[in-house]
Amino acid sequence: MRKARRKERDGDQNAGDTKLYLEENVLERKLPDADLKAIVDLPPGLDYNEWLASHTLALFEHVNLVYGTISEFCTTSGCPDMTGPGTSSPQ
């Protein structure tokens with residue numbers, strides 16, 4: 001007997017749920033006009049290794065969220081190459 005994956009189990013219940021991350025106002029959100037270097041500078045009195053570790057973990061978590069979102073819609077059969085806008089797949 002095969003155990004059902006979560007998407008298969010919850011598929012019927014969540015069919016009508018809206019995904020907030022696909023709402024137009026979220027998709028159009030942009031970075032504010034700010035000095036990005038000032039945002040990521042090491043604050044005074046903070047250990048560099050602690051700062052680096054916390055930002056490395058935060059980056060990993062954000063990349064993981066983005067990948068999780070993409071992997072819901074992009075499968076190996078639907079889009080075999082993950083490319084950005086304006087780039088073409090190697091022939």
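Residues numbered from 1 in each chain as written. Predicted model: local features only at pLDDT ≥ 70, side-chain atom pairs only at ≥ 80, totals over all residues. Heavy atoms only, no water.

Re the packing of aromatic side chains
We describe a pair of aromatic rings using the distance from one ring centre to the other and the angle between the two ring planes.
Phase 1 of the analysis: Under the definition given, this model contains one aromatic pair.
Phase 2 of the analysis: Relative to tryptophan 51, the ring of tyrosine 48 lies with its centre 6.1 Å away and its plane at 25 degrees, an arrangement referred to as stacked. A residue pair is termed a helical-turn pair when its members lie 3 or 4 positions apart in one helix, as tyrosine 48 and tryptophan 51 do in helix H4 (residues 48-73) at three residues.
Phase 3 of the analysis: According to the relative accessible area criterion, tyrosine 48 is partly exposed, its value standing at 46%. (Phe/Tyr/Trp six-rings, centres within 6.5 Å; stacked < 30°, edge-to-face > 60°. Helix = DSSP H or I, 4+ residues; strand = E, 2+ residues; numbered from the N terminus. Buried < 20%, exposed > 50% of the residue type's maximum accessible area, 1.4 Å probe, protein only.)

A short note on the UniProt feature "binding site: Zn(2+)" (unreviewed entry) in the chain
Phase 1 of the analysis: According to UniProt, the feature "binding site: Zn(2+)" (unreviewed entry) maps to Cys74 and Cys79 in the numbering used here.
Phase 2 of the analysis: Checked against the element boundaries, cysteine 74 lands in the segment after H4.
Phase 3 of the analysis: Among the secondary structure elements, cysteine 79 is positioned in the segment after H4.
Phase 4 of the analysis: We classify cysteine 79 as partly exposed; its relative accessible area is 24%. (UniProt positions renumbered as here; feature names shortened; annotations may be inferred.)

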